[in-house]
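Architecture at a glance
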Protein chains: 2
Amino acid sequence: MLKTPYQDLEDRFRRMDALGGALSMLHWDMSAMMPPGGVESRTEQLAVLKILGHEMITDPALADLLDAAEADQHLNAWQQANVHEMRRAWVHACAVDADLVEALSRACAKCETIWRSARENADFKAVLPSLEEVLNLVRQEAAAKADKLGVSAYDALLDQYEPGGRADEIDTVFTDLSGFLPDFLDDVLAKQAAGPEMMPLDGPFPASAQKTVGQAFMTALGFDFDHGRLDESHHPFCGGTYDDVRLTTRYDESDFTSALMGVLHETGHALYDQGLPKDWRGQPVGADRGMSIHESQSLLIEMQACRSREFLEFAAPKMCEAFGGSGSAWDVDNLTRLYTKVEKGFIRVEADEVTYPAHVILRFNLERAAIAGDLKMADLPGAWNDGLKDILGITPPTDREGCLQDIHWYDGAWGYFPTYTLGAMTAAQLFAKAKADVPGILPSIAKGDFAPLMDWLRTHVHAKGCSLSVQDLIANATGESLNADYFKSHLKARYAPG
Amino acid sequence: MLKTPYQDLEDRFRRMDALGGALSMLHWDMSAMMPPGGVESRTEQLAVLKILGHEMITDPALADLLDAAEADQHLNAWQQANVHEMRRAWVHACAVDADLVEALSRACAKCETIWRSARENADFKAVLPSLEEVLNLVRQEAAAKADKLGVSAYDALLDQYEPGGRADEIDTVFTDLSGFLPDFLDDVLAKQAAGPEMMPLDGPFPASAQKTVGQAFMTALGFDFDHGRLDESHHPFCGGTYDDVRLTTRYDESDFTSALMGVLHETGHALYDQGLPKDWRGQPVGADRGMSIHESQSLLIEMQACRSREFLEFAAPKMCEAFGGSGSAWDVDNLTRLYTKVEKGFIRVEADEVTYPAHVILRFNLERAAIAGDLKMADLPGAWNDGLKDILGITPPTDREGCLQDIHWYDGAWGYFPTYTLGAMTAAQLFAKAKADVPGILPSIAKGDFAPLMDWLRTHVHAKGCSLSVQDLIANATGESLNADYFKSHLKARYAPG
């Protein structure tokens, strides 16, 4: 029986997905399990699997198959959406010729290595030539993709992480936020200073106890340990495949908060993965809907749900018991204060949810200028410091706490940063709608029951896979397009009530 | 610059090796790490990687490249040996057409599943039709490979595990052993019965302590933890890649011996992997020299070295300390008796080194008859029980302890069994020569110093990779071809001295 072009494409993409799953598992292993001496052979394995995947998607047969599948009148809506995602992946893969792909891969690997010591030594000049080379190649990549996608160079990069994302639209919401944040932040800091003093929690907090608590909360949230694990790695992440989600964390025995909140954050990612439509496993339409939606799921769990007073009412006695805590530092009031502490700082990954958008907006503005050719890398440190001064009123002591802090640009990931704050806004908008639809969500969380929240997310977000665009997904779930209002309301209600 | 055919082949085989390494890691993960719900996507990943590997080696371009490389006058001896191994792999891969490969893979997967419950229920009839189907397909495979290799059907199967192995030659040494074993076994059992009573070691033995001891002995043996790990799995094995060797074991808290001896056995495999020539990583000639040589390395460590009195002099105080043991049961004399206990039993994997060859010879004779068409699977249980009666004088109560005990045939691995006893004989012959060359080997082991033994093995076995045939490897290392004399002498010296 002859396969239709659509069936042929499904078979090919299922094979690519399996290859991608293998790659993802090998990445997880490299971070969580591999002994140091394995790095050389692992690098070779990853490179070969990547080449094979690239060969599959750039197979000349795909052009005709995609045309034929797009003309097929018998496909249902999900199948059509599947073809749409196949086309998207194909355009991205074919837009850039193999020489440029290889040059980029080599330049990024080199730059990343130099960046590690440059950051250590706060020596931006050491990495400048490599960074210039990466940017030069990324701009070539952006131009090639822009041509095929019919969008601007920056939007072509953004589209890799945020399908259909447009800088102009992001600019509108970010400008809204930029106008709101500085005064609001002053207000929050003043209120915080006038409030009760925060009492620190005294450790040590054994890693084994942290792991037990983390797993207990993961279970309460609905993480399925039949389809996933929790391990340790230097940089925590959520990897693996949708049916076998591998979370990692890192334990600091003097402070359990960073590991615990990290686990809850990654669990948000994992619940999305585990909730994607099982009928479409292995197909592009069955995948997650890109970085901002993924981040919305992790932030909804970590920030919206698990830094709420309701969650802490449930969590405080469990934490107290696991760590043998006692005294008023372990009261829900004090814990809530600790978990919603706001502070101006230099480092994005340590930022609270009020100051975090400032870090992202700074990077978004800088990377757009760089891709447009309006910002030379030699001027990056100055532009960074000026920008941070404008938006947060502080200046990093060295470039280590400034433009050297994040791996992204040095590793070739330009156009990624806005997805963090898009995710935060999406999380706020989704959570507001979920609570409006199901008033029992927060009272249930106070009892450790996440089912009402998860039911809503499964139905309105997870089960959709890639069948809708990001914009339609948000509009269908919340009844309006993405905007900053819910995020601002959330910040006001939590950090400057009354 | 144009690649020579040889260089082209090196590139292709390096790619296949990386793919094989990825497969191996995913297998390890499946046994040691994967949550149960991951099995479906993992199966898909493994299948896709296997198909890609098969496509690479059956690429039509290889026929001409191999011809050209074989005609290349400029290759050195290692390169020539490399081409020889490439040809071997190519002949095996191309001999069988894709339909038969797929039919076999499906039949084996199905039969293995049925076998698990058939063994559980001692119900051979339940698995008989599937086993007949597997055997039928294996015989087709054997005929196809025999045709290409110019050997008998059985030898064609054997060649997959024991390159260049010939049933006639194996028959000669196995017949020698068969003549020796029955009377010798009676003698050993009589001596054992007349000797001091064995005192059991009282547990429990916590898994964490077993792991600590295992790792300490692995380190003493020379296992490089920068290039490997020790984990747990239901069926212990040595997997991963040569640069990242993944050992597994299983802990029984009522008896530490099985896990510990298992770890030492797998460490023997691992030391071989870690000692293969680094200059030839990723090339066929840099690989291990097949199953009997691999088994010789594990048995040399476990049986020859680590059940010796010398090793137990080193190990006894360490075990005593780790498990808090005391009393005369922990004396070296008693431990030596425990670790060299001989007993007639039904189960191959639990057999001691005196009775083990009987189990292998039984299977070797049966599988040769089956492949030749002289033994119908319906007659297997009877033939098994008759054979075991002949060679060990015992009859299994049910087929669970008889012809259902091993996975091999049900999973399509015919021609594998003889490598266990070939390995045992090779281990004895190598260890005898090593001790003759370096008299300090055993005295050093008594002090926990394995370096003299490892130096000898590195030089005479590990560093050779696949540059020599099995026969030449043994002859070069020991000065004579493989024979049963050293194994018999070893058994006599250890089990029936004087």
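Conventions adopted
Residues numbered from 1 in each chain as written. Chains lettered and ligands numbered in written order. Predicted model: local features only at pLDDT ≥ 70, side-chain atom pairs only at ≥ 80, totals over all residues. Helix = DSSP H or I, 4+ residues; strand = E, 2+ residues; numbered from the N terminus. Rg over C-alpha atoms; globule rule 2.2 N^0.38 Å. Buried ≥ 20, exposed ≤ 12 C-beta atoms within 10 Å, placed from the backbone. Core = buried A, V, L, I, M, F, W, Y, C linked by C-beta atoms within 7 Å. Domains from an automatic or database assignment. Contact = placed C-beta atoms within 7 Å. Pairing = 2+ DSSP bridges. Axes fitted to C-alpha atoms, helices over the stretch in contact; angles between N-to-C directions. Nonpolar A, V, L, I, M, F, W, Y, C, P; charged D, E, K, R; others polar. Least-squares fit on C-alpha atoms with pLDDT ≥ 70 in both. pLDDT = per-residue confidence, 0-100.

When helices and strands are counted, chain A shows 20 helices and three strands. Computed over C-alpha atoms, the radius of gyration of chain A comes to 23 Å, within 12% of the 23 Å expected from 2.2 N^0.38 for 498 residues, which places it in the range of a compact globule. Oriented by its inertia axes, the alpha-carbon framework of chain A measures out at about 70 × 55 × 50 Å. When the 498 residues of chain A are sorted by exposure, 44% land in the buried category.

Our focus in this paragraph is the nonpolar core. One finds C111(A), L131(A), V134(A), M425(A) and A427(A) to be the most contacted residues of the largest nonpolar core, which totals 106 residues. It is helix α16 (residues 418-437) of chain A that contributes the most residues to this core, nine residues altogether. For this core, the domains that each give at least three residues are domain 1 (5-161) and domain 2 (163-498) of chain A. Those residues in contact with C111(A), other than ones at most four positions away along the chain, are V127(A), S130(A), L131(A), E133(A), V134(A) and Y410(A). Grouped together as the second largest cluster of nonpolar side chains are 105 residues, A107(B), L158(B), F314(B) and A358(B) included.

This part takes up the sheet that holds strand β1 (residues 228-232) of chain A. Residue and element names in this part refer to chain A. The mixed open sheet is built from three strands, whose spatial order is β1-β3-β2. Strand pairing shows two members of the sheet lacking a second neighbour, β1 and β2 (238-241), which therefore form its edges. Going across the sheet, the axis of each strand differs from the next one's by a mean of 20°, ignoring polarity. Judged from the four bridges that link them, β2 and strand β3 (residues 244-249) form a sheet pairing that is antiparallel. Its bridge partner lying in β3, T241 is registered against D244. This element, helix α10 (residues 257-275), spans β1, β2 and β3 of the sheet and lies at about 165° to β3.

A word on the interface of chain B and chain A. One frequent convention defines the size of an interface as the accessible area lost when the parts assemble. Of the residues lining the interface, 30 residues belong to chain B; the matching set on chain A comes to 30 residues. Of all elements in the fold, only α1 (5-32), α2 (39-57) and β1 (228-232) of chain B reach the threshold of two or more residues within the side of chain B that touches chain A. Take the side of chain B that touches chain A: its biggest share by element is eight residues, from α1(B). Classifying every residue of the side of chain B that touches chain A by side-chain character gives 13 nonpolar, eight polar and nine charged.

Right, let's get into the relation of the copies chain B and chain A. Mapping chain B onto chain A is achieved by rotating through 180° and translating by 0.0 Å along the same axis, at an RMSD of 0.0 Å. Read as a symmetry element, the transformation amounts to a two-fold axis. The residues that chain B uses at the interface reappear at the interface of chain A in 100% of cases, marking a shared surface.

A word on the environment of R281(A). Residues and elements named next belong to chain A. Along the polypeptide, R281 turns up in the loop between α10 and α11 (291-305). Considering only alpha carbons, one finds R281 and E112, 169 residues apart in sequence, at a separation of 33 Å. Here R281 is in contact with Y242, D243 and G286, once residues within four sequence places are set aside.

The share of residues in chain A with pLDDT of 70 or more is 100%, and the mean pLDDT across the chain is 96. Complex prediction metrics read pTM 0.94 and ipTM 0.93.

Now for helix α7 (residues 153-161) of chain A. Helical geometry note: an α-helix holds 3.6 residues per turn, so side chains three or four residues apart project in the same direction. Residue and element names in this part refer to chain A. Of all nine residues in α7, eight are buried, a share of seventy percent or more. The set of residues buried in α7 consists of A153, Y154, D155, A156, L157, L158, D159 and Y161. The inward-facing, buried residues of α7 contact α6 (124-149), α8 (167-194), α11, α14 (356-372) and α16.

Residue and element names in this part refer to chain B. Across the sheet, which stays open at both edges, the three strands sit in the order β1-β3-β2 with mixed pairing between neighbours. The sheet is open, and its two borders are formed by β1 and β2 (238-241), each paired with just one other strand. Geometrically, the sheet is characterised by an average inter-axis angle of 20° between neighbouring strands, direction not taken into account. The pairing of β1 with strand β3 (residues 244-249) spans five bridges and is parallel. Directly across from L230, in β3, lies its bridge partner L247.

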